[in-house]
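# Coordinate inspection notes
As a plain string of letters, each chain reads:
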Amino acid sequence: MKKVVHLRPKSAHESAQEPPAPAREAFWAPAPCAAPRSLVVLGATGSIGRSTAEVVKGASGAFTVSAVAGGRDAAALARTAVELGAAFAAVADPAAYRDLKAALAGTGVEAAAGPEAVVEAALRPADIVVGAIVGTAGVAPTFAALQAGRTVALANKECLVCAGPAFMKQAAASGTRLLPVDSEHNAVFQAMGEADLAAVEMITLTASGGPFRAWSFEAIAAATPEQALAHPNWSMGPKITVDCAGLMNKGLEVIEAHYIFGIEPERLDVLVHPQSVVHGLVAFTDGSVSAGLAAPDMKVPIAHCLAFPARLKTKARRLDLAGVGQLTFERPDFARFPALRVALDALRAGRGLPTVLNAANEIAVAAFLERRISFHEIARLVEEACDGALGDGVAREPETVAEALEIDRAVRERTSARLPQGAAAS
Ligand code: NDP
Ligand code: MG
């Protein structure tokens, strides 16, 4: 996200000496989006995918959609493809192909299935690829889009936690932008403005605290999936909602911020802010602080990324500060939310531990949702996986996506083997 700061207009002489740089005015002018921009939406049937569809439909002709992809919900994917006028729809699960084909019969939308079809969707012609698949499943198609030089509007934080170095290297090599859809990172991106990273003292990501913010350790340990899925402020897919309940999501987001902003862990902080109004803060070396505020509605950061650097008019929720009344902030409690500590430790340890953390967490969250483990066992299993990887020398910084996915596979196997055997508890 390196940007150019112009403190004064350049003379014609200076301009002739230097390579052309995008003018600040060109970046931020509230001009309508150069229409229409073409999009691919990966994870089109999910929470982010549906919000993206709402932004697209509300933007009256500003966007076209060339392809959509999903996991296994053929009916929902077919509906989305038709609704958005996509030419190509890919479902990852080969078993869903017949249903997708049947649902798209007579629509003119081409149907395909399998992980390679999802990659094909990612490579369909587009100005922007929205990366909104959940989990490591998003790594290969999102990376393919980067390799092809597409601008990626990234919601899928697991891509960066699993394979951050490879993603950032590829983005630089392709001269491609990774635009942060995640609300905290999007707020920071906007609050950062034209500032150089050297002028940034601290980046703070806020967390709502989730449904267990005021719960005791014992109560959290005994929490059910239904309780973990009852997020007070945001409506999201099940994996990220469980991540939020234990503050693992904030840990994943600190790792995401480390890669996407190229900033070291010591300049990244977390505050609990139950109102979810201030999403991210940037403190500068002169004592100034800029904050990114918005109502908790993912259509806001999605619209920002899709139109960047212009601004769309949207029907996203508006922020009513007087209605909110008070904005409060508190330090996270690492004793009641050990997952955040485990994630921050993994980031500081480096050596591939973010990759290990991400893989173990996906297995543990799925097991919790299947009622095979208790809530606090998520953090325990993830910490065990990190300790194990350090102990047996598996831990190494993955340079490539292939290396990251190999670590991911090995850790998934090991973590699965540590799960209690037998039927899920009721
Ligand atoms: P959802 O569970 O609602 O949606 C996940 C999407 O991924 C669905 O479209 C699903 O398809 C698809 N999918 C699953 N597996 C595959 C696969 N193997 N190949 C292709 N597609 C697949 O998740 P969210 O929308 O909530 O989250 C998506 C990502 O965005 C996550 O990484 C999350 O952390 C991040 N994010 C989400 C936010 C939110 O507000 N929801 C906020 C910030 C970040 P199907 O429906 O067929 O299963
Ligand atoms: Mg977030």
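The residue numbers shown here count from 1 along each chain, following its written sequence. All chains are assigned letters beginning at A, and all ligands numbers beginning at 1, according to the order in which they are written. Restriction of local features to residues with pLDDT of at least 70 applies here, the model being predicted, together with a cutoff of 80 or more for giving and counting side-chain atom pairs; totals for whole chains, interfaces and linings are based on all residues. As a convention, hydrogens and water are excluded, and side-chain values are obtained from all of the structure's heavy atoms.

### Examining the packing of aromatic side chains
Pairing of aromatic side chains here covers Phe, Tyr and the six-membered ring of Trp, requires ring centres within 6.5 Å, and sorts the geometry by plane angle: under 30 degrees stacked, over 60 edge-to-face, intermediate tilted. Considering all chains together, one arrives at five aromatic pairs under this definition. Seen in terms of ring centroids, Phe-189 and Phe-308 are 5.3 Å apart; in terms of plane orientation they differ by 45°. Their pairing is tilted. Placement of the pair is Phe-189 in helix α9 (residues 183-192) and Phe-308 in the loop between α14 (299-307) and α15 (321-324), with a sequence separation of 119 residues. When sorted by exposure, Phe-189 lands in the same class as Phe-308, which is buried. The criterion for a charge sitting over a ring is simple: Lys NZ or Arg CZ within 6 Å of the ring centre, and within 35 degrees of the ring normal. A cation over an aromatic ring shows up here: Arg-124 above the ring of Phe-88, its NZ or CZ 4.1 Å from the ring centre. Only runs of H or I of at least four residues qualify as helices and only runs of E of at least two qualify as strands under DSSP, and these elements are numbered from the N terminus. Each residue gets one of three labels from its accessible area relative to the maximum for its type: buried under 20%, exposed over 50%, partly exposed in between, using a 1.4 Å probe on protein chains only.

### Side note on helix α13 (residues 248-260)
With 13 residues, α13 should cover 18 Å at 1.5 Å per step; its first-to-last C-alpha distance of 18 Å lies within 8% of that length. By the criterion of burial, α13 is predominantly enclosed, with 12 of the 13 residues buried. Of the positions making up α13, those classed as buried are Met-248, Asn-249, Lys-250, Gly-251, Leu-252, Glu-253, Val-254, Ile-255, Glu-256, Ala-257, Tyr-259 and Ile-260. In the segment just after α13, Gly-262 is the residue with positive phi, at about 65°. Under the convention used throughout, the expected extent of a helix is 1.5 Å for every residue step, that is, one less than its residue count.

### Details of the coordination of the magnesium ion (ligand 2)
Only N, O and S atoms count as donors, using a 2.8 Å limit from the metal and a wider 3.2 Å limit for Na, K and Ca, and since water is excluded some coordination spheres may look unfilled. Within the protein, the magnesium ion (ligand 2) binds to Asp-182 (OD), Glu-184 (OE) and Glu-253 (OE); these donor distances fall in the range 2.1 to 2.2 Å. Taken in sequence order, the residues that donate to the magnesium ion (ligand 2) follow the motif D-x1-E-x68-E. Like Glu-184, Asp-182 is buried.

### Examining the site of ligand 1
Any residue with a heavy atom lying within 4 Å of a molecule or strand is counted as near it. For ligand 1, the set of nearby residues contains 25 residues, the closest of which are Thr-45, Arg-72, Asp-73, Glu-158 and Gly-237. Here Gly-71 contributes a backbone N or O atom positioned 2.8 Å from an oxygen atom of ligand 1. One nitrogen or oxygen atom from the main chain of Gly-237 is found 2.8 Å from an oxygen atom belonging to ligand 1. Bound to the protein, ligand 1 loses 86% of the 900 Å² it would expose on its own. Elements represented by at least two residues in the shell around ligand 1 include exactly α3 (47-58), α8 (157-174) and α12 (238-245). The residue makeup of the shell around ligand 1, split by class, is 12 nonpolar, eight polar and five charged. Here the shell around ligand 1 spans two domains, since at least three of its residues come from each of domain 1 (35-180) and domain 2 (195-294 + 333-417). Polar contact is defined as a pair of N or O atoms within 3.5 Å, subject to the rule that within protein one atom must be able to donate a hydrogen and the other to accept it, and that residues adjacent in sequence are counted only when both atoms are side-chain atoms. Computed with a 1.4 Å probe, the accessible areas rest on the Shrake-Rupley method; for each residue, only the protein chains presented here act as cover. In this classification, the charged set is Asp, Glu, Lys and Arg, the nonpolar set is Ala, Val, Leu, Ile, Met, Phe, Trp, Tyr, Cys and Pro, and all remaining amino acids, among them Gly, are polar. Each domain's extent is set by a domain assignment, obtained either automatically or from a database.

### Re the domain arrangement of the protein chain
Here the protein chain is described as being made up of domain 1 (35-180) and domain 2 (195-294 + 333-417). Using only C-alpha atoms to locate each centre, domain 1 and domain 2 end up separated by 24 Å. We call two residues in contact whenever any of their non-hydrogen atoms come within 4.5 Å of each other. Contacts between the two partners involve 20 residues from domain 1, matched on the other side by 26 residues from domain 2. When the buried area of domain 1 at its contact with domain 2 is split by residue, Lys-157, Val-161 and Cys-162 rank highest and sum to 33% of it. Any Lys or Arg side-chain nitrogen found within 4 Å of a carboxyl oxygen on Asp or Glu counts as a salt bridge. For the pair domain 1 and domain 2, the number of links is three salt bridges. Lys-239 serves as the salt-bridge partner of Glu-158, at 2.9 Å between the closest nitrogen and oxygen. Take the accessible area each of two parts loses on contact, using a 1.4 Å probe, and add the two losses: that sum is the buried area.

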